[in-house]
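One letter stands for each residue in the lines below.
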Amino acid sequence: VSGYTEISLWYKSSAAAVATSTTITVTYTSAPTSGSTVNAAHAASCGASPLDVSNTATATSGSSFSVTTGTLGQTNELIIGMAGDQSGAAVTYSGSSSTGFTNLNSAVGGATLLASGLDYKSVTALTSVTYTPSWSTTISRAGAGVASFK
């Protein structure tokens, strides 16, 4: 979600799991102009073309906001929510206030105090899913995304 806090979701279908202590290296083509955080997770049993639906949203005030997937293509999907805020204030990611999401990781990075989080939820119904990330204080440059995987 460019112009606010840039967030990206990268995935690889049929990827092998790595050990918990494995180091993941991220190489930038140029140095980030502000803070940077990276969250990673492995999900087993997703199909060869796993991405179903996704959506993004931004916010410039409050301490939370929502983004919705749209109608899922099948039952039994994995929902991934990711969010970040770069307000330049002492802010931490508080998790999702949406029912059923579990936080996988949250991080704070850089001199501009970027706070990010990665959450997941399993669903068994053909419905849309709303993801509501929240922070410890008022946000001013936040972005979030939600994606479902078959």
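Residues numbered from 1 in each chain as written. Predicted model: local features only at pLDDT ≥ 70, side-chain atom pairs only at ≥ 80, totals over all residues. Heavy atoms only, no water.

Draft legend 1. Structural view of the nonpolar core. Counting residues in each nonpolar core, the largest one holds 20 residues, and the members touching the most others are F65, I79, Y131 and W135. Breaking this core down by element, the ones donating at least two residues are β1 (51–59), β3 (77–85), β6 (114–123) and β9 (142–149). Once residues within four sequence positions are removed from consideration, I79 is found in contact with T69, L72, F101, D119, Y120, K121, V123, V129, V146, A147 and S148. Of all hydrophobic cores here, the second largest spans seven residues; its members include I7, L78, M82 and L118. (Core = buried A, V, L, I, M, F, W, Y, C linked by side-chain atoms within 4.5 Å. Buried < 20%, exposed > 50% of the residue type's maximum accessible area, 1.4 Å probe, protein only. Helix = DSSP H or I, 4+ residues; strand = E, 2+ residues; numbered from the N terminus. Contact = heavy atoms within 4.5 Å.)

Draft legend 2. Examining the pairing of β9 more closely. Counting buried residues in β9 gives eight out of eight residues, a clear majority hidden from the surface. Here β9 shows no split at all, with A142, A144, V146 and S148 on one side and G143, G145, A147 and F149 on the other all buried. Across seven bridges, the pairing between β1 and β9 is antiparallel. If you follow L51 over to β9, its bridge partner there is F149. Bridge analysis of β3 against β9 gives eight bridges, and the strand direction is antiparallel. Counterpart to I80 in the pairing with β9 is A147. (Pairing = 2+ DSSP bridges.)

Draft legend 3. Summary view of the packing of aromatic side chains. For the coordinates displayed, the defined rule picks out four aromatic pairs. Consider the rings of Y11 and F149, whose centres lie 5.2 Å apart with planes at 75°: the pair is edge-to-face. Placement of the pair is Y11 in the segment before β1 and F149 in strand β9, with a sequence separation of 138 residues. Residue classification places Y11 among the partly exposed positions, given a relative accessible area of 43%. With a centroid separation of 5.7 Å and an interplanar angle of 75°, the aromatic rings of Y93 and W135 are classed as edge-to-face. Remark: W135 occurs in strand β8 (residues 133–135) and Y93 occurs in strand β4 (residues 93–96); sequence separation between them is 42 residues. The residues Y93 and W135 share a single accessibility class, namely buried. (Phe/Tyr/Trp six-rings, centres within 6.5 Å; stacked < 30°, edge-to-face > 60°.)

Draft legend 4. Spatial organisation of the side chain of D85. Checked against the element boundaries, D85 lands in strand β3. For D85, the side chain forms a polar contact with the main-chain nitrogen of S140, separated by 3.4 Å. A distance of 3.1 Å separates the side chain of D85 from the backbone nitrogen of R141, its partner in a polar contact. (Polar contact = N/O pair within 3.5 Å; in protein donor to acceptor, adjacent residues only side chain to side chain.)

Draft legend 5. Broad picture of the environment of D52. Relative to the elements of secondary structure, D52 occurs in strand β1. Taking C-alpha positions, D52 is 6.3 Å from K150, a pair spaced 98 residues apart along the chain. At 2.5 Å, the side chain of D52 and the backbone nitrogen of G73 are in polar contact.

Draft legend 6. Structural view of unusual backbone geometry. Here the phi dihedral of S14 falls at roughly 60°; this positive angle occurs in a residue that is not glycine. In this fold, S14 is placed in the segment before β1.

Draft legend 7. Seen up close, a nonpolar patch on the surface. Together, I24, V26, Y28 and V38 give the surface a local cluster of nonpolar side chains, amounting to about 370 Å² of exposed area. Inspection of the secondary structure puts V38 in the segment before β1. A residue is classified by how much of its surface remains accessible, and V38, at 48% relative accessible area, is partly exposed. (Patch = residues over 30% accessible without salt bridge, like charges linked within 9 Å, V, L, I, M, F, W, Y side chains within 5 Å. Areas by Shrake-Rupley, 256 points an atom, 1.4 Å probe, with all protein chains shown as cover. Salt bridge = Lys/Arg side-chain N within 4 Å of Asp/Glu carboxyl O.)

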